[in-house]
Every structure is written in C-alpha cells, then in structure tokens.
Amino acid sequence: MKVLCTAMLIFVSSLSAAGQNPSYQQDPQWIAPAAASGKPNPLTNKPETAAGGRKLFLRNCAECHGPNGVGMEKKHSADLQLPVVQQQSDGALFWKITNGNASKGMPSFSRLPELQRWQLILFLRTLKATGPAAADPAK
Amino acid sequence: MRANGFQFVLLAFSLAIPCAAQESPFVVTYTHHMEEPGNLEFETSSTVGIPRSGQRFYAAPYMELEYGVTTQWTSELYLESSSVWGDSTVFTGWRFENRYKPLRREHWINPVLYLEYESVNEASRIQKEIEGGGPDLICSNRELRGEHAHELETKLILSSDFHDWNISENFIATKNLSESEGVEFGYAFGVSRPLARLASGSNCRFCSENFIAGIEMYGGLGSTLDGFTPRGTAHYIAPVVSWAVSDNATLRLSTGFGLTDQSNPVLLRVGYSYELAGFGSRISRLFGAKR
C-alpha cells in the first residue's frame, strides 16, 4: 500500500511538469476591439516593474501557461513566446487578460489591479526578448 | 488505517501548485469573480456573535469546499455548526450552492445568478447571508435544532470593477420549503480595493500588495408574510480585510457592527482558505482520463 501511494505521489507530482504547446493557434473569435488594442501600456517607461510582473505571472498564469510561458498542450493554453501572441499590441493583451476567453477555459483576471495587469504584459514582452531563460525561476 | 489517512492527506497536498489565492475580502457579499476552473478551495471560517442583554454568546464554525466547474460556473458545499455559551454545540446542516455568470466578458455591471439548497436547522448562526428577520439569537440550541428547514435561496449578484475598486450588490430571496414563511428577502452591498496597485518584485508577505480592504453592509428586508420591515430585522456594517498569506492561502477578517436591536452589537468573522490548483484535472487523470 505504501509503495502504491508513493508511486501515486510521484505520478501526480510529475503531471505538473508535463507539456508545452508550440502548435497553439489563436481563437479567431477572441479579438480585442480596436479601441482596447490601441491603449498604451502606462508602465512602458518603468521597465523595472517587469520583475513584479514575473511574480504575478508565476502566481496567476504559470499554472496553465507554464513557468516559461510556453503553454501546455493538454490545457490548450497559448505558447506566449509565439509571434501570434507577441505581435499583438499591449492593449490587446491587456483586454484579453481582463476579459478572459470563457469558451476556451481562460478565466478573467479583472480582479487584479489594472497596473498589475500591465505589469504582466511587461513581463510577457521579456519572454519574447530573451526566450525561456528570462522566465526561469532559478535565474 | 492511520497511515493510509496520512498518505491520502499527503497526496491531496501534493496536488497543490502555486496559484493566486488573493480573494475578495467580503464574507457575505459575492462578487462576479468565479473560482478558476478546476481549482478547489478549502475554507474554514467562524462567525462569533458578541451578545446584547438577553442574547447568548455563540460561535458558528463552518467549512466550505468551492470548486470551479467552468470559467462561468462555480459550485460550493458548506458544512456548518453552532456552539452557544452555556448551552451546547450542534451540527446545524449543509448547503450546496451554484453560481453562474451568464456573460462571458467583463461589463460595467456583471450579473451572476446564484441558487442554493439548504438543509439546515433553526440553530444555524453562520449568517453567510441574512434574510427575513435574521437568526434567532435568544432561544437555546436544544429548542432550535429540532426545527429543520429545507430552503431554496436565490441571489442576483451584480458586480463591477471600476479601476481598482470592486463594487458589488446582492439581492436575496429565500423560500423555506418546510414551512409557510412566505419568501424572505435580504441584501448585501460591498466596496473593496487592494492596498497597492503595483506588485513588487520580491516575495514579501506583509507588503501592501497582499492586502485588500473594504466595507460591506448586509441585512434582512422582511418577507412576503410579515411585510417589508427593514427596521425590525438584523443589519450590519462591517470593515473587512483579506491577506494573501501565501500563494495558496488567504486569511479574511471582518468586524460587523449591528445597526438594529435585532442584530448582535458585534459580529466577528474570521476565515482561512487554501486553494488547490488544477485539482479536477489531476483527479480525473488519476482515474484514467486521457491527457
């Protein structure tokens, strides 16, 4: 019985490490309105706040998108490093974080203060700039 | 047997991975923010009533299991009890609630529909909501526990996020299916705001970004049988605060001040919640579901 439980513990723990989603395709129905897409990030001139964004990302987003933001195939979550994500404007990403995509299981994060949502976007941009290493919690 | 129980607890906690545990500070008022899909939240709370003359001191501990079924649907199970000073401690029943958010996106006002079935006795004092005249604060548990009630409770939850403020209003209607008490009405209203707008880069626990403060007001509005009698029912105004103790856990505190003779002068509430992320999918995989 002890062996069985230990095996189950190892199995369950390993599940959280599984998967990424390079084949992610954007939901064509999930498009930010033009007015929202045009909103500038008020923290653009405060790049140091991206560190707080990384912490928020690990707390709120890593569960589905992984700690490096590469997504998880089993959860159909976006690989945030892909151009299809990174080419979107800050305003569009802000709108998507705020509203979520209920039909695809992405919850709304409107409960986070607005500036914290913008911090998340600053951090998402670092994923594009330096790849997975930027999000490595060990660094 | 004890070893197996311990291993089960270990297994359950191994399912937990860090997730956002910062919760609304409200104890009574519901917002439109739903539990994240697949997450399970345990909460243990207690309502403590400081008595007026003629009333009895009591504590009403209860436990909640909240599960995010989908992004728009959250279910919750309550188990509750009541302990009255100089009287007794009794199990007062259970409740099963469902909340459904019909709109998929954020709007100025976000409605949520709430339906709850309650199998409780009249000794229930947790006061997760107050409807009609509020609970009986004078009679003993022995007298009240024999009066069992099957109730259906509905709420219309309206909630708005305006910049960093949350403003929520709940309108409550409850029908006791066991007795003819008419339909009882109640309300709850709350406003809250995080203490900090920006997150720091460090993993601090006492910094202001981990706190949300607010105020809520709730009470009964009478019933179709007794009429609209807000002056003859319990009403409270309560400053509230929540503290994200860790990535998974939140502590909630509320001190309610009674506004009428039917209220306790002070109603203290404390709750501790712990969130297990991805609980549903991991459990389903344990039983053979495909990835």
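Enquirer: Quick question: what am I supposed to make of the pattern of salt bridges here?
Expert: Opposite charge on two side chains allows them to pair when their charged atoms are near. All names here are of chain B. Within this structure, the stated rule accounts for 17 salt bridges over all chains. Arg-252 is paired through a salt bridge with Glu-43; the nearest N and O atoms lie 2.8 Å apart. Within this pair, whereas Arg-252 is found in strand β12 (residues 249–258), its partner Glu-43 is found in strand β1 (residues 40–50), the two being separated by 209 residues in sequence. Of the two residues, Arg-252 and Glu-43, both sit in the buried class. Between Glu-118 and Arg-95 there is a salt bridge; the shortest N-O distance is 3.2 Å. Here Arg-95 lies in strand β4 (residues 89–100) and Glu-118 lies in strand β5 (residues 110–121), a separation of 23 residues in the sequence. Arg-95 matches Glu-118 in its accessibility class, with the two residues each being buried. Connected through shared salt-bridge partners, Glu-80, Arg-95, Glu-116, Glu-118, Glu-129, Glu-153 and Lys-155 make up one network.

Enquirer: Could you clarify how one ought to interpret the nonpolar core in this entry?
Expert: Core analysis: the biggest nonpolar cluster contains 31 residues, and Phe-57, Leu-80, Val-85, Trp-118, Leu-120, Ile-121 and Leu-124 of chain A have the highest contact counts within it. Elements with a contribution of two residues or more to this core: α3 (50–60), α6 (90–99) and α7 (114–130) of chain A. With 8 residues, α7 of chain A is the single largest residue contributor to this core. Ignoring anything within four residues of it in the chain, the contact list for Ile-121 of chain A reads Asn-41, Asp-90, Leu-93, Phe-94 and Ile-97 of chain A. Formed by 21 residues, the second largest nonpolar core is a distinct cluster that contains Tyr-30, Met-34, Tyr-78 and Ile-130 of chain B.

Enquirer: Which parts of the structure should I look at to understand the side chain of Arg-117 of chain A?
Expert: With respect to the element layout, Arg-117 of chain A can be found in helix α7. Despite its burial, Arg-117 of chain A remains without a salt bridge, the nearest opposite charge being carried by Glu-114 of chain A at 4.9 Å. Within polar-contact distance, the side chain of Arg-117 of chain A engages the backbone oxygen of Leu-112 of chain A at 2.9 Å. Sequence-distant contacts of Arg-117 of chain A, defined by excluding residues within four places in its chain, comprise Phe-94, Ile-97, Thr-98, Phe-109, Ser-110 and Leu-112 of chain A together with His-163 of chain B.

Enquirer: Just checking my understanding: could you explain the layout of surface pockets for this structure?
Expert: Taking a probe equal in size to a water molecule and rolling it over the atoms shows the remaining empty space. By volume, the largest pocket is sized at about 1,100 Å³. Forming the walls of the largest pocket are 50 residues, and the residues nearest its centre are Lys-75, Ser-77, Lys-104, Gly-105 and Met-106 of chain A. Elements with a contribution of two residues or more to the lining of the largest pocket: α3, α4 (62–65), α6 and α7 of chain A together with β2 (58–70) and α3 (279–286) of chain B. Of the residues in the lining of the largest pocket, the class split is 20 nonpolar, 19 polar and 11 charged.

Enquirer: Explain the confidence of the model for chain A to me, please; I cannot follow it from the model alone.
Expert: Residue and element names in this part refer to chain A. Looking at chain A as a whole, the pLDDT averages 81, with 76% of positions reaching at least 70. Per-element confidence in chain A ranges from a low mean pLDDT of 48 for helix α1 (residues 2–15) to a high of 96 for α6. Across residues 8–18, where pLDDT falls below 50, the model places 23 contacts with residues more than four positions away in sequence or in other chains. Confidence over residues 131–139 falls short of pLDDT 50; this stretch has 19 contacts with residues more than four positions distant or in other chains.

Quick notes on the rules
Residues numbered from 1 in each chain as written. Chains lettered and ligands numbered in written order. Predicted model: local features only at pLDDT ≥ 70, side-chain atom pairs only at ≥ 80, totals over all residues. Heavy atoms only, no water. Salt bridge = Lys/Arg side-chain N within 4 Å of Asp/Glu carboxyl O. Helix = DSSP H or I, 4+ residues; strand = E, 2+ residues; numbered from the N terminus. Buried < 20%, exposed > 50% of the residue type's maximum accessible area, 1.4 Å probe, protein only. Core = buried A, V, L, I, M, F, W, Y, C linked by side-chain atoms within 4.5 Å. Contact = heavy atoms within 4.5 Å. Lys, Arg positive; Asp, Glu negative; His and termini not counted. Polar contact = N/O pair within 3.5 Å; in protein donor to acceptor, adjacent residues only side chain to side chain. 1 Å grid on protein atoms, 1.4 Å probe; cavity = no way out; pocket = protein on both sides within 12 Å on 5 of 7 lines; lining within 4 Å. Points joined across faces, edges and corners; volume = space filled by probe spheres on them. Nonpolar A, V, L, I, M, F, W, Y, C, P; charged D, E, K, R; others polar. pLDDT = per-residue confidence, 0-100.

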